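Results of the structural survey
Chain by chain, the residues:
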Amino acid sequence: MMKELLLLRHAKSSWDDPSLADVERPLAPRGRRAAPRMGRELARRGWLPDRVLVSPARRAQQTWRLVAAEIGRMELAPGSGEGLYMAAPEQLLAALQEIPEKAARVLLVGHNPGMEDFASRLAGDGSEEDALERMREKFPTAAVARFAFDGRWDALSFGQARLLDFLKPRDFG
């Protein structure tokens, strides 16, 4: 059965309060505009997740809430995001390998540099070349990479998924 994975980098965060711990930084105004824009685009394309993993960082949680409001999936509570804060590619892969098999499309909201590295390593044969080039050039805040693979979540491995699409907020105004 084909599975889909949506990787969403959290929207632009604020650096206005230097006293805040990194994990507590909120979204910047630009991020509060970009996250709903990306949510509307996910809804328009019908890319609706049935499982969500979100980093516990404030900016990632805020990104998910703004996206969820646009895709009509507020009832989807994020699964455990433990270990996703600033996670390395291997940690992201391990978290996805724990996804229940009944989940057909998973959305993971996380951070760079791990997200960008993970996406590049996940992309294998059959990836859409233009999307791959754009993604490897830069994985900006609020960007979404859409992957597909045949098989089970617990067997997902690097180089096994096909990158189908790569969307940036600036693609939509």
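Conventions adopted
Residue numbers here run from 1 along each chain, matching the order of that chain's written sequence. pLDDT decides what is reported in this predicted model: residues at 70 or higher carry local features, side-chain atom pairs at 80 or more are listed and counted, and totals for whole chains, interfaces and linings draw on all residues regardless. Heavy atoms from the whole structure form the basis of all side-chain values; hydrogens and water molecules are not counted. Any two strands between which DSSP finds at least two bridges are classified as paired. Secondary structure is summarised from DSSP: a helix means a run of H or I of at least four residues, a strand means a run of E of at least two, and numbering begins at the N terminus for each. A fitted line through C-alpha atoms represents every axis, and for helices the fit uses only the stretch in contact; the resulting angles, taken between N-to-C directions, go from 0 to 180 degrees. Any two residues whose heavy atoms approach within 4.5 Å at even a single point are treated as in contact. Remark: nonpolar core denotes a set of buried residues (Ala, Val, Leu, Ile, Met, Phe, Trp, Tyr, Cys) joined through side-chain atoms within 4.5 Å. Three labels apply to residues, based on accessible area from a 1.4 Å probe with only protein chains included: buried if under 20% of the type maximum, exposed if over 50%, partly exposed otherwise in between. In this scheme, patches are assembled from residues that exceed 30% relative accessible area and form no salt bridge. Like charges are connected within 9 Å, while nonpolar side chains (Val, Leu, Ile, Met, Phe, Trp, Tyr) are connected within 5 Å. For every accessible area listed, the method is Shrake-Rupley and the probe measures 1.4 Å; residues are considered covered only by the protein chains on display. Here a salt bridge means any side-chain nitrogen of Lys or Arg lying within 4 Å of a carboxyl oxygen belonging to Asp or Glu. Counting rule applied: Lys, Arg positive; Asp, Glu negative; His and chain ends not counted. Think of each charge as sitting on NZ of Lys, CZ of Arg, CG of Asp or CD of Glu. UniProt positions are given in the numbering used here, feature names are shortened, and annotations may be inferred rather than shown by experiment. Stacked, edge-to-face and tilted labels apply to pairs of Phe, Tyr and Trp rings (six-membered ring for Trp) whose centres lie within 6.5 Å, assigned for plane angles under 30 degrees, over 60, and everything in between, in that order. Whether a charge lies above a ring is judged from NZ of Lys or CZ of Arg, which has to be within 6 Å of the ring centre and within 35 degrees of the ring normal. Pairs of N or O atoms within 3.5 Å make up the polar contacts considered here, provided that, within protein, one atom can donate a hydrogen while the other can accept it, and that residues adjacent in sequence are counted only when both atoms are side-chain atoms.

Further remarks concern the sheet that holds strand S3 (residues 105–110). Strand order across the open sheet formed by 5 strands is S2-S3-S1-S4-S5, with mixed pairing between neighbours. Each end of this open sheet is capped by a strand with a single partner; those strands are strand S2 (51–54) and strand S5 (162–167). Mean inter-strand twist for the sheet, computed between neighbouring axes without regard to direction, equals 15°. Pairing of strand S4 (residues 144–150) with S5, which is carried by 5 bridges, proceeds in the antiparallel orientation. Within the sheet, the bridge partner assigned to Phe147 lies in S5 and is Leu163. Strands in contact with helix H1 (residues 29–45) are strand S1 (2–9), S4 and S5; relative to S5, the strand with the most contacts, it is inclined by about 130°. Relative to the sheet, helix H3 (residues 89–96) contacts S1, S2 and S3, its axis offset from that of S3 by approximately 145°.

Counting 30 residues, the largest nonpolar core has Leu5, Leu7, Leu96, Met135, Phe139, Phe147 and Trp153 as the members making the most contacts within it. Secondary-structure elements contributing two or more residues to this core are S1, H3, S3, helix H4 (114–122), helix H5 (129–137), S4 and S5. Top element by residues in this core is H4. It accounts for 4 residues. Apart from residues lying up to four places away in sequence, Met135 is in contact with Glu116, Ala119, Ser120, Ala145, Phe147, Leu163 and Phe166.

Here we come to a positive patch on the surface. On the surface, a cluster of positive charge is contributed by Lys12, Arg30, Arg32, Arg33, Lys138 and Arg170. Residue position: Arg33 is located in helix H1.

Another aspect to go through is the UniProt feature "binding site: substrate" (unreviewed entry) in the chain. The sites that UniProt annotates as "binding site: substrate" (unreviewed entry) are Arg59. With respect to the helices and strands, Arg59 occurs in helix H2 (residues 58–71). In this structure, Arg59 is in contact with His10, Ser13, Asp22, Val23, Arg25, Pro26, Leu27, Tyr85, Met86 and His111, ignoring residues within four places of it in sequence.

With that settled, consider the packing of aromatic side chains. Across all of its chains, the model carries 3 aromatic pairs by this definition. Taking 5.1 Å as the distance between ring centres and 75° as the angle between the ring planes, the aromatic pair formed by Phe139 and Phe166 counts as edge-to-face. Taken as a pair, Phe139 in the loop between H5 and S4 and Phe166 in strand S5 lie far apart in primary sequence, 27 residues in all. The class of Phe166 is buried, set by a relative accessible area of 3%. When the centroid spacing of 5.0 Å and the interplanar angle of 75° are considered together, the rings of Phe149 and Trp153 count as edge-to-face. A cation over a ring is seen here: Arg25 above Trp15, with NZ or CZ 3.6 Å from the ring centre.

Within the structure shown, the criterion is met by 13 salt bridges. Between Arg25 and Asp22 there is a salt bridge, and its shortest N-O distance comes to 2.9 Å. Take Arg25: its relative accessible area is 7%, and that puts it in the buried class. Using a relative accessible area of 27% as the deciding quantity, one classes Asp22 as partly exposed. Notably, a salt bridge pairs Glu70 with Arg40, separated by 3.6 Å at the nearest N-O pair. In this pair, Glu70 is assigned in helix H2 and Arg40 in helix H1, connecting sequence segments 30 residues apart.

Once that is clear, we can look at the side chain of Ser13. Looking at the element boundaries, Ser13 is found in the loop between S1 and H1. Reaching out from Ser13, the side chain makes a polar contact with the side chain of Arg25 at a distance of 2.4 Å.

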